Amino acid sequence: MKFEVREHETLADCLARMREAGYTPVRRMEKPIFHETKDGEVEVLKQQIVFVGRKIEE
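Residues numbered from 1 in each chain as written. Predicted model: local features only at pLDDT ≥ 70, side-chain atom pairs only at ≥ 80, totals over all residues. Heavy atoms only, no water.

An unreviewed UniProt entry annotates the chain as NETI motif-containing protein originating from Macrococcus equipercicus.

### Examining the pattern of salt bridges
Side-chain pairs of opposite charge can arise whenever the charged atoms involved come near each other. In plain terms, the rule: For salt bridges, the criterion is a side-chain nitrogen of Lys or Arg within 4 Å of an Asp or Glu carboxyl oxygen. Remark: exposure states derive from per-residue accessible area (1.4 Å probe, protein chains only) relative to the maximum for the residue type, with buried under 20%, exposed over 50%, and partly exposed in between.
This model, assessed by the stated rule, comprises three salt bridges. For Arg17, the salt bridge goes to Glu9, with nearest N and O atoms at 3.0 Å. Neither residue differs from the other here; Arg17 and Glu9 are each classed as buried. Its salt-bridge partner being Glu30, residue Arg28 comes within 2.7 Å of it at the nearest N-O pair. On the accessibility criterion, Arg28 (43% relative accessible area) is partly exposed. The class for Glu30 is partly exposed, based on a relative accessible area of 44%.

### Some points on the side chain of Arg17
This is how the line gets drawn: In this description a helix means any DSSP run of H or I spanning at least four residues, a strand means any run of E spanning at least two, and both kinds are numbered starting from the N terminus. Counting of polar contacts relies on pairs of N or O atoms within 3.5 Å, with two restrictions inside protein: one atom must be capable of donating a hydrogen and the other of accepting it, and residues adjacent in sequence are counted only when both atoms are side-chain atoms.
Relative to the helices and strands, Arg17 is located in helix α1 (residues 11–20). At 2.9 Å, the side chain of Arg17 forms a polar contact with the backbone oxygen of Glu4.

### A few points about the sheet that holds strand β3 (residues 42–55)
The cut-off we apply is this: Strands pair, by our definition, only if DSSP identifies at least two bridges between them. Structural elements are reduced to axes, namely lines fitted to C-alpha atoms, with helices fitted over the stretch in contact, and the angle between N-to-C directions of any two is expressed from 0 to 180 degrees. For this analysis, residues touch if any pair of their heavy atoms sits within 4.5 Å.
In space, the three strands of this open sheet follow the order β1-β3-β2, with antiparallel pairing throughout. The two strands at the open ends of the sheet, each matched to only one other strand, are β1 (2–4) and β2 (23–36). Taken pair by pair, the neighbouring strands of this sheet meet at an average axis angle of 25 degrees, ignoring direction. Relative to β3, β1 is paired through three bridges, and the arrangement is antiparallel. Note on β3: the bridge partner recorded for Phe3 is Phe51. Those strands touched by α1 are β1, β2 and β3, and its axis lies near 30 degrees from that of β3.

### Some remarks on the pairing of β3
As defined by bridge partners, β2 adjoins β3 across 13 bridges and the pair is classed as antiparallel. Residue Tyr23 lies in a different strand from β3, and its bridge partner there is Lys55. Joining the antiparallel neighbours β2 and β3 is a turn of five residues, in which Gly40 adopts a positive phi near 90 degrees.

Written out as structure tokens, the structure is:
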């Protein structure tokens, strides 16, 4: 299952949310989010961080 770090959420908050749902992180992916300026230039707007989780077996 994938867990995206939400706006105004820290990495620790996202990892805690994963634990509460019963998942442990096995992979972290980062992807830049681009936007076009008025001058036609492309800039990085933010970095999207997604954790892939595996169900914790009890």
